[in-house]
Structures are given as C-alpha cells and as structure tokens.
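Chain and residue survey
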Amino acid sequence: MDPLLPLGYQNRVISRGPRKVWVGFVPEEFDSLDDEIRTSPEICNRVLETLGAVSEVMERGQIVKEAVGLFPQSHDYHPIIGSVPGLEGAFLSTGHGPWGVMLAPGSGEALADRVLGFGSEEAQFLEPFDPSRFLDL
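Here the structure is a predicted model, which is why all the values come from computation and not from measurement. (Residues numbered from 1 in each chain as written. Predicted model: local features only at pLDDT ≥ 70, side-chain atom pairs only at ≥ 80, totals over all residues. Heavy atoms only, no water.)

Counting its regular elements, the protein chain contains 4 helices and 4 strands. In the protein chain, of all internal contacts separated by at least 6 residues, the share reaching a separation of at least 24 is 47%. With an accessible surface of roughly 10,000 Å², the protein chain has 56% of that area assigned to carbon and sulfur atoms. (Helix = DSSP H or I, 4+ residues; strand = E, 2+ residues; numbered from the N terminus. Contact = heavy atoms within 4.5 Å. Areas by Shrake-Rupley, 256 points an atom, 1.4 Å probe, with all protein chains shown as cover.)

Attention shifts here to helix H3 (residues 100-116). End to end, H3 covers 22 Å across 17 residues, agreeing with the expected 24 Å (1.5 Å per residue, within 8%). The largest bend in H3 comes to about 25 degrees, at Gly106. Within H3, the full set of buried residues consists of Ser107, Ala110, Leu111 and Asp113. A positive phi of about 85 degrees marks Gly117, the residue just after H3. (Expected span 1.5 Å × (residues − 1). Bend = angle between axes of the 7 residues up to and from the residue. Buried < 20%, exposed > 50% of the residue type's maximum accessible area, 1.4 Å probe, protein only.)

Moving on: the side chain of Ser74. Inspection of the secondary structure assignment puts Ser74 in the loop between helix H2 (56-59) and strand S3 (80-83). Exposure remark for Ser74: the relative accessible area of 8% places this residue in the buried category. Looking at Ser74, its side chain comes within polar contact range of the main-chain oxygen of His78, at 2.5 Å. Those residues within four positions of Ser74 in sequence are excluded, and the remaining contacts are Ile80, Gly95, Arg133 and Phe134. (Polar contact = N/O pair within 3.5 Å; in protein donor to acceptor, adjacent residues only side chain to side chain.)

On the surface, Phe91, Val115, Leu116 and Phe118 cluster together to form a nonpolar patch covering roughly 390 Å² of accessible area. Along the polypeptide, Val115 turns up in helix H3. (Patch = residues over 30% accessible without salt bridge, like charges linked within 9 Å, V, L, I, M, F, W, Y side chains within 5 Å. Salt bridge = Lys/Arg side-chain N within 4 Å of Asp/Glu carboxyl O.)

A few words on the pattern of salt bridges. For the structure shown, the criterion picks out 2 salt bridges. The shortest N-O distance in the salt bridge between Arg133 and Asp76 comes to 2.7 Å. You can see Arg133 sitting in the segment after helix H4 (121-124) and its partner Asp76 sitting in the loop between H2 and S3, a full 57 residues away along the chain. Judged by relative accessible area, Arg133 falls into the partly exposed class, the value being 24%. Judged by its relative accessible area of 25%, Asp76 is partly exposed. The closest approach of N and O atoms between Glu127 and Arg114, which form a salt bridge, is 2.9 Å. Of this pair, Glu127 sits in the segment after H4 while Arg114 sits in helix H3; the two residues are 13 residues apart in sequence, bridging distant segments of the chain. With relative accessibility at 25%, the residue Arg114 sits in the partly exposed group.

Turning our attention to unusual backbone geometry. Notably, Tyr77 is not glycine yet its phi reads approximately 65 degrees, a positive angle. Taking the relative accessible area as the measure of exposure, Tyr77 reaches 59% and is therefore exposed.

Our next topic: the side chain of Ser55. With respect to the helices and strands, the residue Ser55 is situated in the loop between helix H1 (41-54) and H2. At 3.2 Å, the side chain of Ser55 forms a polar contact with the backbone nitrogen of Val57.

So, about the confidence of the model for the protein chain. Averaged over every residue, the pLDDT of the protein chain is 77; the share at 70 or more is 79%. Averaged pLDDT values over the elements of the protein chain bottom out at 67 in H4 and peak at 94 in strand S4 (residues 91-94). A low-confidence stretch, residues 1-9 (pLDDT under 50), is modelled with 26 contacts involving residues beyond four sequence positions or located in other chains. (pLDDT = per-residue confidence, 0-100.)

Here's what the structure looks like:
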C-alpha cells in the first residue's frame with residue numbers, strides 16, 4: 001500500500017470561503033527526511049472518497065489544486081515559542097507540526113503578551129516551549 005494514502009492519518013478540512021475547502025492529511029511518519037513527498041491521482045481520489053463519505057456536497061467536489069509539503073516540527077514534538085537566546089528582540093513561534101492552524105491563535109496571543117511584557121495566564125504556559133531548551137543538545 002502507498003504510505004501516503006490518507007488512511008488512519010490526521011485529516012484536515014478547512015473552509016476557505018464559499019464553495020471552497022482545503023483538504024489535507026498528515027502521514028504518521030516517513031523513514032527519513034530524504035523520503036520523496038508527493039501527491040498522485042490515487043491519493044487525490046482517496047481524499048475525494050473520504051470526503052464523499054462525510055458529505056454529499058463534497059462527494060461532487062473537484063480538485064482544483066494539489067500541493068505537498070512538510071509542517072515544521074521540533075525533534076521533541078513540542079512547539080518552539082519564546083525569545084531567541086543570545087539574540088535580543090528576536091522571538092520564535094514555530095514547530096507546531098500539523099497542529100499549527102489550530103494552535104497559532106493561542107500561541108501567537110501568548111507570545112505577543114510576553115513580547116509586550118503582559119503577564120497573561122497564557123504567557124505563563126509558554127515555559128515548556130522556550131527555545132533555550134535546545135541549548136544543551
């Protein structure tokens with residue numbers, strides 16, 4: 001079986017306005033970063049089949065664009081959010097992996113509070129995600 005087929009993977013359907021959705025899936029893992037990442041007619045057909053099982057409207061959908069890519073994710077699978085050690089005034093909010101779309105508003109707000117010096121409850125939760133955790137690697 002093709003390892004990129006969206007069976008048992010984390011599927012995403014995101015509304016992008018009237019009559020348009022973005023559909024994606026995240027493969028569980030690759031053997032290495034050198035693996036070829038691609039799309040194919042078979043994968044697109046499986047995505048349409050999956051959508052058809054959820055919605056009759058989407059079953060009649062048409063793929064108008066295909067794309068592939070990787071989500072930035074840290075090696076410890078936790079986001080990297082906070083100030084960059086040794087680089088005053090630089091901040092990061094990255095490495096959310098496939099959950100970036102869902103986590104971006106909250107992590108962005110918490111980081112903005114930290115940058116502006118607010119002591120919000122959300123900013124207190126950023127400690128485990130501080131970029132300095134990688135200094136001992």
